[in-house]
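# Inside the fold
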Amino acid sequence: MNALVACFSATGTTAKAAKLLAEAVGADLYEIRPAVPYTSADLNWMNKSSRSSLEMQDKHSRPALADTNAPVADHDVIFLGFPVWWYVAPTLLNTFLEAYDFTGKTIVLFATSGGSGLGKAAQGLQVSAPGARILDGRLLNGKLDKAELKQWAESLGL
Ligand SMILES: Cc1cc2nc3c(=O)[nH]c(=O)nc-3n(C[C@H](O)[C@H](O)[C@H](O)COP(=O)(O)O)c2cc1C
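Here we summarise the structure given alongside this text. The residue numbering used here restarts from 1 in each chain and proceeds along that chain's sequence as written. Owing to the predicted nature of the model, reporting of local features is limited to residues with pLDDT of at least 70; listing and counting of side-chain atom pairs is limited to 80 or more, with chain, interface and lining totals taken over all residues. No hydrogens and no water enter the side-chain calculation; it runs on all heavy atoms of the structure.

## A look at the packing of aromatic side chains
- Note on ring pairs: Phe, Tyr and Trp rings are taken, using the six-membered ring of Trp, and paired if centres are within 6.5 Å. Classes follow the plane angle, with under 30 degrees stacked, over 60 edge-to-face and the rest tilted. Scanning all chains against the criterion turns up eight aromatic pairs.
- Ring centres of F8 and Y38 lie 5.8 Å apart, and the angle between their planes is 55°; on these two criteria the pair is classed as tilted. In this pair, F8 sits in the loop between β1 (3–7) and α1 (13–25) while Y38 sits in the loop between β2 (28–31) and α2 (51–57), placing the two residues 30 residues apart along the sequence.
- Each ring, one from Y30 and one from F96, has its centre 6.2 Å from the other, and the planes form 25°; the classification is stacked. Pair noted here: Y30 is in strand β2 and F96 is in helix α3 (residues 92–98), with a separation of 66 residues, a long-range link.
- Each residue is assigned to one of three classes by its accessible area relative to the maximum for its type, calculated with a 1.4 Å probe on protein chains only: buried under 20%, partly exposed between the two thresholds, exposed over 50%. Classification of Y30 as buried rests on a relative accessible area of 10%.
- Here R51 stacks its cationic end above the ring of Y38, 3.8 Å away from the centre of that ring.
- The ring of W152 has R138 sitting right over it, with the charged end atom 5.2 Å from the ring centre. For the purposes of this entry, the term helix denotes a DSSP run of H or I that reaches at least four residues, the term strand denotes a run of E that reaches at least two, and both are numbered from the N terminus. Lysine NZ or arginine CZ positioned within 6 Å of the ring centre and within 35 degrees of the ring normal marks a charge as sitting over the ring.

## What about the site of the ligand?
- Residues are labelled near a given molecule or strand when at least one of their non-hydrogen atoms is within 4 Å of it. As a matter of local geometry, the ligand sits amid 19 residues, with S9, T11, T14, T112 and S116 nearest to it.
- Within 3.5 Å is the distance limit for a polar contact, defined as a pair of N or O atoms, with the added protein rule that one can donate a hydrogen and the other accept it, and that residues adjacent in sequence qualify only through two side-chain atoms. Note that an oxygen atom of the ligand is positioned 2.6 Å from one of the side-chain N or O atoms of S9.
- Interatomic distance of 2.8 Å between a backbone N/O atom of T13 and an oxygen atom of the ligand.
- Surface accessibility in these figures is a Shrake-Rupley result with a 1.4 Å probe; residues are shielded only by whichever protein chains are displayed. For the ligand, the protein covers 85% of the area, taking 650 Å² as the surface of the free molecule.
- Each residue gets one of three labels, nonpolar for Ala, Val, Leu, Ile, Met, Phe, Trp, Tyr, Cys and Pro, charged for Asp, Glu, Lys and Arg, and polar for the others, Gly among them. Here the shell around the ligand is built from residues that sort into eight nonpolar, 11 polar and no charged.

## Some thoughts on the side chain of S61
- As for its placement among the helices and strands, S61 is situated in the loop between α2 and β3 (77–83).
- Whether two residues touch is decided by their heavy atoms; if any such pair falls within 4.5 Å, the residues are in contact. With near-sequence residues (within four places) excluded, S61 lies in contact with E55 and T91.

## Details of the pattern of salt bridges
- We define a salt bridge as a contact between a side-chain nitrogen of Lys or Arg and a carboxyl oxygen of Asp or Glu at a distance within 4 Å. Across all of its chains, the model carries eight salt bridges by this definition.
- Where K146 meets E23, a salt bridge forms, and the shortest distance between an N and an O atom there is 3.0 Å. Here the residue K146 occupies a position in helix α5 (residues 146–155), and E23 occupies one in helix α1, the gap between them amounting to 123 residues.
- We classify K146 as partly exposed; its relative accessible area is 40%.
- K150 is paired through a salt bridge with E154; the nearest N and O atoms lie 3.2 Å apart. Separated by four residues within a single helix, K150 and E154 lie in helix α5, roughly one turn from each other.
- Classification of K150 as partly exposed rests on a relative accessible area of 39%.

Spelled out as structure tokens, the structure:
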């Protein structure tokens, strides 16, 4: 599978899962980074006016990226990972999708969370990559097994 694993992680949990997934499927790994990193104050979901709260209240917010060097053009399958924020993907993922041409590509979502599922993440991301096929994928919470991840990725038949 000529896949790319692209991942945003604010506090490292999704990054760990992404690394294991990339190893399991033999994929390149790319870290999606915001131009301005999120501080712990930014991530405080109890504060209605924290940066993450303000961004997530506005589905049109598009936080800037640190770079646009992801090798998207070289891959037809992109595993796209993120932490679940307010039941969906952080709007930084919309910025990422809008920065490249995903037409004809398959995007498989994966996420970590405090327990919530992927919810309507795919719906929220599809607007930013209208020409892509976005599959819901799965949560990668808890202890992960490389062989099981490989089997899962292969079972997608991509
Ligand atoms: C702003 C914010 C909103 C969150 N919203 C949810 C949520 O709706 N459901 C959930 O289960 N976890 C939620 N979480 C928890 C994260 O999804 C979880 O801690 C994730 O594993 C963090 O991944 P990371 O270390 O890669 O950033 C939220 C965390 C933050 C910072």
